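Remarks on the overall topology
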Amino acid sequence: MEFKSILYLEGGPGPTGAGTPVPAFARDINFDQIVEAITASRQEYDLKGFFYAPLQELDGILYRQEVMRDLELDDLNAAVRAFCTQMTTVRQHLLQAGKIDYPLQKERWYLEAATVYCDAVQDLSRSLESSRPKSRGFRAFQQFLTHYAESAGFTSLSQEAGRIRQALSELTYTVSIQGATFRVRKYDQEEDYGQAVARFFEKFKQGAVKDWRSQFREWPGMNHVEEKILFFVSQLFPEPFSALAAFHVNHVEFLFEPITAFDREVQFYLAYLEFTAPLDQAGLKFCYPNLTRTTKAVHAVDFFDLALAHKLVRAKAPVVVNDFRLEGQERIIVITGPNQGGKTTFARAFAQVHVLGCLGCPVPGREAQLFLYDRLYTHFEQEEAAANLHGKLQDELMRMHAILSQANSNSLIVINEIFASTTWQDATAMATKVIGRVLELDALGVCVTFLDELAGMSAKTVSMVSTVAPEHDHARTFRIVRQPANGLAYALSLAASYRLTYDQLLERL
Amino acid sequence: MKAHLMHQDRDFNLRAPAPAQAADLVQDLALSTLTQAMAGGDPLLLEVANKALLDSSFDLDEIRFRQDVLKDAIRFPDALREAYNLTGEAMAAEKKLWRSHTNHPTLVLWDSLHLMEIVVTALKRLRHVADTHGDRVQSEGLRRLFTMLRVELDDTYFDGIQQHLKNMQFRSGILLATGLDPGNKGRDYVLCLPKAQEVSWFRRIFRKRPKDFSYTLDPRDENGAKALSDLKDRGLDVVANALGQSAEHIFNFLVMLRTELAFYVGALNLHDRLRQLGAPTAFPVPLPSRERRQELRGAYDVTLALNLGRKIVGNDLLSDRANLVLITGANQGGKTTFLRALGQAQLMLQCGLFVPAEVCVGHLCQGLFTHFKREEDASMTRGKFAEELERMSRIVDGLKPDGMILFNESFAATNEREGSEIARQVVSALVAKDIQVAYVTHLYDFAHGVHDDPRLPALFLRAERPVEGRRTFKLEVGEPLPTSFGLDLFRQLLEDPLPSAAGGS
């Protein structure tokens with residue numbers, strides 16, 4: 001019986017090792033922030049590499065979507081979480097056993113680790129059976145797990161551990177101390193004196209009183225007096241202690257690799273769902289996108305920038321959602337309009353939903369049809385790149401050249417504020433050429449620009465404009481709507497909010 | 001063990017929130033003079049007096065219960081004062097204890113033994129008080145308390161305490177019982193008393209000795225000694241905690257007892273003061289709150305008497321059906337003073353105290369409220385009137401049928417016609433809702449209107465104008481007269497060459 005991976009349909013090694021390089025696009029579209037936030041509480045699992053490696057194969061993506069849907073069921077989610085918590089405890093106990101030298105104690109930590117491990121496997125096996133997962137991943141894992149949990153090796157491990165643990169936890173003994181001598185003996189029903197005292201004075205009790213108990217410094221190790229006492233205890237109760245020693249020898253490596261791999265890989269799903277839960281509660285929608293390479297007619301309804309939404313929801317601020325829709329031969333969304341109107345956010349969110357979709361994750365939005373791209377290229381203004389304008393322009397041109405020479409028709413291209421460092425006339429000329437090349441490639445993309453001319457370049461470009469709400473004092477709505485670029489829109493609405501439009505002035509005068 | 005001297009079935013709760021109108025009552029009825037006389041400089045007496053006075057009881061049995069205890073207290077003042085003082089001494093001794101801030105078992109044990117010493121001394125003295133007075137007191141409250149002390153704190157119990165204190169010295173070492181935790185270390189150490197030795201030498205010799213293992217540390221093994229004492233501490237910890245908490249329980253019992261006694265000690269203080277002044281006091285006869293019979297004779301403003309340091313003129317109020325008492329008449333004729341006397345008598349009745357009067361029969365009211373004219377921000381007439389209405393609105397939130405409200409020149413911050421109309425509407429509504437109203441007013445329109453309104457049966461009292469310059473402070477039954485005597489007073493104060501003598505307002 002074999003199980004490949006809960007993350008990869010074809011199994012195989014996923015990205016491993018610390019320090020997975022952050023891909024170039026991630027910083028531009030704030031995807032690095034998203035990954036940081038998702039993985040923050042799970043550093044020990046080393047998950048970032050998974051999030052920086054979108055898949056290329058549709059079936060692999062569907063495999064993950066199925067698993068993720070299963071994990072959205074409360075029962076299954078709780079069961080898997082419980083399993084992971086238990087596995088964490090197992091690791092802690094083993095770490096403890098490794099640190100301790102005294103055999104009678106080391107062996108006990110080892111036993112504890114094995115006990116929790118057995119519980120974890122059995123609990124998860126039972127829960128998976130009852131929660132009837134639908135995904136290929138979980139069904140295969142469940143079969144594998146049941147098989148493993150019923151294997152002779154595992155059952156003997158589990159039963160032996162249980163027996164010894166029971167015997168050890170039930171034994172009781174007394175230590176009497178007089179001067180420098182201590183004496184260890186089996187417990188013989190001696191009376192609890194603290195309780196006797198409390199009972200005697202009980203009648204005066206008026207209400208809660210201070211707790212005078214001390215905080216003793218607890219550490220897992222032992223001093224030689226404790227070791228001596230434990231040794232005496234092992235002499236008083238020889239059977240369980242000899243069984244304990246034998247257990248350690250007989251089960252040196254009880255952890256099974258596919259189980260520990262599952263524990264790590266399933267964190268990918270748990271981490272993402274945990275990250276999106278508060279946004280979900282705030283009323284934002286997520287959906288499983290349709291992904292395809294056969295058409296570039298992509299759309300999304302009510303999508304949003306996940307990195308920004310994460311911050312806003314934490315601050316209890318509202319999140320603005322947007323739509324996009326490309327049809328027929330439309331390829332490039334050109335966004336113009338007032339600054340601080342949400343243009344860049346829109347561009348980032350466009351790229352984010354594609355990356356997330358190709359990771360097999362539910363994406364921001366009520367519904368989405370997305371493109372199964374092969375590479376994502378982003379071109380954002382880099383403020384720190386060069387000191388003078390000439391250097392900056394040169395740098396920009398070089399980066400743009402690199403993108404255009406690598407990109408193909410399956411690429412995704414996001415361009416933010418192209419050639420802002422040169423004159424309007426030069427910028428228009430150069431940008432027109434660049435967008436022309438992108439259109440030639442037939443690649444999909446978004447271009448944020450102050451150059452209105454780009455918006456109406458071709459039937460392949462779609463013009464979208466950031467808007468302002470006239471009823472509030474030039475407040476921005478962060479809505480990006482599909483309409484022809486009009487550099488005057490912002491100025492007019494500002495005038496309207498001051499009641500200075502032509503009509504208004506006619507009325508007032 | 002409970003003292004239950006304030007309520008028959010529960011502790012007196014010093015932490016209970018004061019009623020919403022408490023601050024107004026204190027200010028309008030000048031209660032702080034009264035409570036300070038009860039306290040005589042003792043902060044606990046002050047706190048309890050305040051609490052008890054403002055937290056009116058609505059239970060006739062409870063009021064009689066307290067009256068009975070108070071009567072015992074007046075008969076045997078030493079019993080209560082001694083019990084109050086000895087608990088106070090225990091409190092003071094406890095304050096002087098230097099208590100360690102870190103919870104180390106040995107220190108906790110040490111501190112607890114000291115506190116135990118203090119509280120056990122107090123318990124013994126308390127037993128003595130109970131032995132001395134137990135058979136003489138007549139009230140249910142004190143009989144029950146003294147009997148409880150004698151039964152629960154008998155000699156056997158004190159012997160038991162001594163035995164425990166002796167055990168706590170652990171002369172023959174300590175015995176810890178424990179099991180193994182998940183790291184094979186001892187868990188939840190429990191300190192036990194070793195089983196008593198077999199008495200018979202024969203059985204001692206032939207009894208099968210339980211298997212044991214022992215080890216003696218090398219005298220130079222300092223780390224071992226440290227480890228062993230640490231282990232010992234874990235056992236001592238639980239016992240030290242038990243003793244510490246027990247001592248604290250007894251201490252809290254003494255605190256609670258002292259709190260319950262405090263009300264009566266305060267009452268004794270007040271009783272002594274008034275007797276020195278020759279001012280009369282009477283135990284009131286409480287009636288159910290539905291009753292409307294009221295008989296007050298020689299009722300006086302107790303705070304004025306305390307402030308002046310002499311007996312003052314009392315007034316009478318006899319009414320058997322009216323919900324409304326309307327007081328009009330001369331300025332500085334004792335109207336406000338009388339209103340205060342009414343309010344004070346009501347609060348004192350409803351906390352179980354005697355009242356400042358010669359005779360008092362009165363029903364319980366479901367909450368007493370005061371609405372007195374306030375002197376502040378007199379410049380802003382408009383704002384002042386709004387403030388009055390706002391205050392009235394808050395009072396209405398808390399008013400219930402059979403409640404009582406005392407008005408002192410209310411709604412006079414506007415012109416007479418408007419003020420009268422509002423007063424009439426407010427009062428008519430209150431009376432219709434069976435709320436008792438006593439109203440001091442100069443609003444002639446209002447007073448006269450009430451007089452002519454058959455739907456508003458009222459008792460009218462009138463302050464008389466000074467006779468030959470001397471004020472009598474006596475109120476007589478009489479309908480309102482159209483003019484007030486303010487003009488006289490104005491003339492007297494500002495135009496007469498002679499300054500007027502001090503007196504009530």
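Coordinates for the structure precede this section.
A few points on the structure. These numbers were taken from a predicted model, which means no experiment stands behind them.

1. So, helix H14 (residues 306-314) of chain A
All names here are of chain A. Those residues of H14 that sit buried are Leu306, Ala307, Leu308, Ala309 and His310. Tucked into the core, H14 has its buried residues touching helix H2 (31-39), helix H13 (267-281), helix H15 (343-359) and strand S9 (363-364). Positive phi appears at Lys316, one or two residues downstream of H14, with a value of about 55°.

2. Quick notes on the environment of Val462(A)
Looking at the secondary structure, you find Val462(A) in strand S14 (residues 461-469). Those residues in contact with Val462(A) that sit more than four places away from it in its chain are Leu326(A), Glu330(A), Ile332(A), Ile333(A), Val334(A) and Arg482(A).

3. Points about the interface of chain A and chain B
In this assembly, 57 residues from chain A lie in contact with 60 residues from chain B. Going through the elements one at a time, helix H6 (103-131), helix H8 (152-170), strand S1 (172-178), strand S2 (181-186), strand S3 (191-192), helix H9 (193-201) and helix H10 (224-236) of chain A are the ones with two or more residues in the side of chain A that touches chain B. Of all the elements, H10(A) adds the most residues to the side of chain A that touches chain B, at 8 residues. A breakdown of the residues in the side of chain A that touches chain B according to their chemical character gives 26 nonpolar, 15 polar and 16 charged. Bridge analysis of S2(A) against strand S3 (residues 212-216) of chain B gives 5 bridges, and the strand direction is antiparallel. Its bridge partner being in S3(B), Phe182(A) is matched across the sheet by Tyr215(B).

4. Looking at the packing of helix H4 (residues 60-75) of chain B against helix H10 (residues 222-277) of chain B
Residue and element names in this part refer to chain B. Running from N to C, H4 and H10 point in directions that differ by 60°, and their axes come no closer than 10 Å. In terms of axis orientation, H4 runs oblique to H10. Where H4 crosses over H10, the two elements pack in a sense that is right-handed. The segment H4 lies against H10, with Val69, Leu70, Ala73 and Ile74 engaging Tyr264, Ala267, Leu268 and His271.

5. Considerations on the pairing of strand S12 (residues 458-463) of chain B
Residues and elements named next belong to chain B. Among the 6 residues that make up S12, 5 are buried, leaving the element largely enclosed by the rest of the structure. Bridge analysis of strand S7 (residues 324-329) against S12 gives 6 bridges, and the strand direction is parallel. Bridge pairing in S12 places Gly329 opposite Ala463. Bridging between S12 and strand S13 (residues 475-477) involves 3 bridges; their strand directions are antiparallel. Looking at the pairing, Ala463 lines up with Leu475 of S13.

6. A look at the nonpolar core
A general trend in soluble globular proteins is that nonpolar side chains are found buried together. Formed by 147 residues in total, the largest nonpolar core has its most connected members in Val119(B), Leu191(B), Tyr264(B), Ile327(B) and Ala345(B). When residues of this core are assigned to their parent elements, the largest contribution, 24 residues, is made by H10(B). Setting aside residues no more than four positions away along its own chain, Ala345(B) makes contact with Leu296(B), Ala299(B), Val355(B), Pro356(B), Ala357(B) and Cys360(B). Phe25(A), Leu451(A), Leu454(A) and Val465(A) belong to the second-largest nonpolar core, a separate cluster that totals 120 residues.

7. With respect to helix H4 (residues 58-71) of chain A
All names here are of chain A. With 14 residues, H4 should cover 20 Å at 1.5 Å per step; its first-to-last C-alpha distance of 20 Å lies within 8% of that length. Ile61, Tyr63, Arg64, Val67, Met68, Asp70 and Leu71 are the residues of H4 that are buried. In this structure, the buried residues of H4 make contact with helix H5 (74-99), helix H7 (136-150), H13, strand S5 (290-292) and H15.

8. Description of the pairing of strand S10 (residues 404-408) of chain B
Successive residues of a regular strand alternate their side chains across the two faces of the sheet. Residue and element names in this part refer to chain B. Within S10, 5 of the 5 residues are buried, leaving the element largely enclosed by the surrounding structure. Going residue by residue along S10, you find Met404, Leu406 and Asn408 tucked away on one face and Ile405 and Phe407 tucked away on the opposite face as well. Across 5 bridges, the pairing between S10 and strand S11 (residues 436-440) is parallel. Paired with Asn408 across the strands is Val440, a residue of S11.

9. Overview of the sheet that holds S13(B)
All names here are of chain B. Strand order in this open sheet of 6 strands is S9-S10-S11-S7-S12-S13, and the pairing throughout is mixed. Lying at the two open borders of the sheet, with one neighbouring strand each, are strand S9 (368-372) and S13. Sheet twist, expressed as the mean angle between neighbouring strand axes with direction ignored, is 20°. Those strands touched by helix H12 (residues 335-349) are S7, S9, S10, S11, S12 and S13, and its axis lies near 160° from that of S10.

10. Regarding the environment of Leu268(B)
Residue and element names in this part refer to chain B. Within the secondary structure, Leu268 is located in helix H10. Take Leu268: there are 20 C-beta atoms within 10 Å of it, and that puts it in the buried class. Put simply, Leu268 and Ala39 are 229 residues apart on the chain and 9.9 Å apart in space, counted from C-alpha to C-alpha. When neighbours within four sequence positions are excluded, Leu268 is seen to be in contact with Ala73, Ile74, Pro77 and Leu80.

Thresholds applied
Residues numbered from 1 in each chain as written. Chains lettered and ligands numbered in written order. Predicted model: local features only at pLDDT ≥ 70, side-chain atom pairs only at ≥ 80, totals over all residues. Buried ≥ 20, exposed ≤ 12 C-beta atoms within 10 Å, placed from the backbone. Helix = DSSP H or I, 4+ residues; strand = E, 2+ residues; numbered from the N terminus. Contact = placed C-beta atoms within 7 Å. Nonpolar A, V, L, I, M, F, W, Y, C, P; charged D, E, K, R; others polar. Pairing = 2+ DSSP bridges. Axes fitted to C-alpha atoms, helices over the stretch in contact; angles between N-to-C directions. Parallel < 35°, antiparallel > 145°, perpendicular 65-115°, else oblique. Left-handed = near helix turned anticlockwise from the far one by under 90°. Core = buried A, V, L, I, M, F, W, Y, C linked by C-beta atoms within 7 Å. Expected span 1.5 Å × (residues − 1).

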